Amino acid sequence: QVQLLESGGGLVQAGGSLSLSCAASGRAFSNYGMAWFRQAPEKEREFVAAINWNGGDTYYTNSVKDRFTISRDNAKKMVYLQMNNLKPEDTAVYHCAISRIPWIVPMMVADVASWGQGTQVTVSS
């Protein structure tokens, strides 16, 4: 089992930036796809961004394309989410996630083996 720990959330004004980090520990990391999901109050958890095992392929939900960038450092067992030009609708708890199956990129909740506890991102208008 892998453990995931997010950091870097906070309060920012619209148009600002935040950088989230996710530290992984436990089982093998480098051959698993990773992702960020978010959950706003009274809403379902939704996909935000994902990255394949070696960082060569990235995927984003339409609402964050050209604003967010996902990256990873396999040597450090870290995943990052750089968020620019933040909007109030980006307000949510952001969760780091690892795929159930090696080499698969997790883009749905059912694809995820483990979640981090989440970090709050609040964007004021």
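This one's a predicted model, so the numbers in the text were calculated from it and none came from an experiment. (Residues numbered from 1 in each chain as written. Predicted model: local features only at pLDDT ≥ 70, side-chain atom pairs only at ≥ 80, totals over all residues. Heavy atoms only, no water.)

Points about the pairing of strand 7 (residues 68-73)
Okay, so step 1: Every second residue of strand 7 is oriented toward a common face, the buried set being Phe 68, Ile 70 and Arg 72 and the non-buried set Thr 69, Ser 71 and Asp 73.
Okay, so step 2: Examined bridge by bridge, strand 7 and strand 8 (residues 78-83) share six bridges and lie antiparallel to one another. Opposite Phe 68, over in strand 8, you have Met 83 as the bridge partner.
Okay, so step 3: Hairpin connection, strand 7 to strand 8: the antiparallel pair is bridged by four residues, and Lys 77 has positive phi, about 55°. (Buried < 20%, exposed > 50% of the residue type's maximum accessible area, 1.4 Å probe, protein only. Helix = DSSP H or I, 4+ residues; strand = E, 2+ residues; numbered from the N terminus. Pairing = 2+ DSSP bridges.)

Comments concerning the nonpolar core
Okay, so step 1: Counting 28 residues, the largest nonpolar core has Trp 36, Phe 68, Leu 81, Met 83 and Tyr 94 as the members making the most contacts within it.
Okay, so step 2: Listed by contribution, the elements that provide at least two residues to this core are strand 1 (2-7), strand 3 (18-26), strand 4 (34-39), strand 5 (46-51), strand 7, strand 8, strand 9 (92-99) and strand 11 (119-124).
Okay, so step 3: With seven residues, the next largest nonpolar core counts Ala 35, Phe 37, Val 105 and Val 112 among its residues. (Core = buried A, V, L, I, M, F, W, Y, C linked by side-chain atoms within 4.5 Å.)

Comments concerning the packing of aromatic side chains
Okay, so step 1: Scanning all chains against the criterion turns up three aromatic pairs.
Okay, so step 2: With a centroid separation of 5.8 Å and 80° between ring planes, the pair formed by Phe 37 and Phe 47 is classed as edge-to-face. On the criterion of sequence distance, the pair formed by Phe 37 in strand 4 and Phe 47 in strand 5 is long-range, its members being 10 residues apart.
Okay, so step 3: Relative accessible area serves as the criterion here: at 13%, Phe 47 is assigned to the buried category.
Okay, so step 4: Between Trp 53 and Trp 103, the aromatic rings sit 5.4 Å apart at their centres with planes inclined by 85°, giving edge-to-face as the arrangement. With a gap of 50 residues between them, Trp 53 in the loop between strand 5 and strand 6 (58-60) and Trp 103 in the loop between strand 9 and strand 10 (112-115) connect regions that are remote in the sequence.
Okay, so step 5: On the accessibility criterion, Trp 53 (36% relative accessible area) is partly exposed. (Phe/Tyr/Trp six-rings, centres within 6.5 Å; stacked < 30°, edge-to-face > 60°.)

What about the sheet that holds strand 7?
Okay, so step 1: If you walk across this open sheet you meet the four strands as 1-3-8-7, and the pairing is antiparallel. Two strands in the sheet have a free side with no partner beyond their single neighbour: strand 1 and strand 7. Between one strand axis and the next, the sheet turns through 15° on average, direction left out of account. (Axes fitted to C-alpha atoms, helices over the stretch in contact; angles between N-to-C directions.)

Concerning the side chain of Asn 52
Okay, so step 1: Note on placement: Asn 52 falls in the loop between strand 5 and strand 6.
Okay, so step 2: With relative accessibility at 8%, the residue Asn 52 sits in the buried group.
Okay, so step 3: Looking at Asn 52, its side chain comes within polar contact range of the main-chain nitrogen of Gly 56, at 2.8 Å.
Okay, so step 4: A distance of 2.9 Å separates a polar atom in the side chain of Asn 52 from the backbone nitrogen of Asp 57. (Polar contact = N/O pair within 3.5 Å; in protein donor to acceptor, adjacent residues only side chain to side chain.)

Concerning the state of the cysteines
Okay, so step 1: Applying the stated criterion across every chain, the model contains one disulfide.
Okay, so step 2: Residue pairing for Cys 22: its cysteine sulfur links by disulfide to Cys 96, the two sulfurs lying 2.1 Å apart. Torsion about the S-S bond of the Cys 22 and Cys 96 cystine: about -85°, corresponding to left-handed handedness. Placement of the pair is Cys 22 in strand 3 and Cys 96 in strand 9, with a sequence separation of 74 residues. Residue Cys 22 shares its accessibility class with Cys 96, and that shared class is buried. (Disulfide = S-S within 2.5 Å.)

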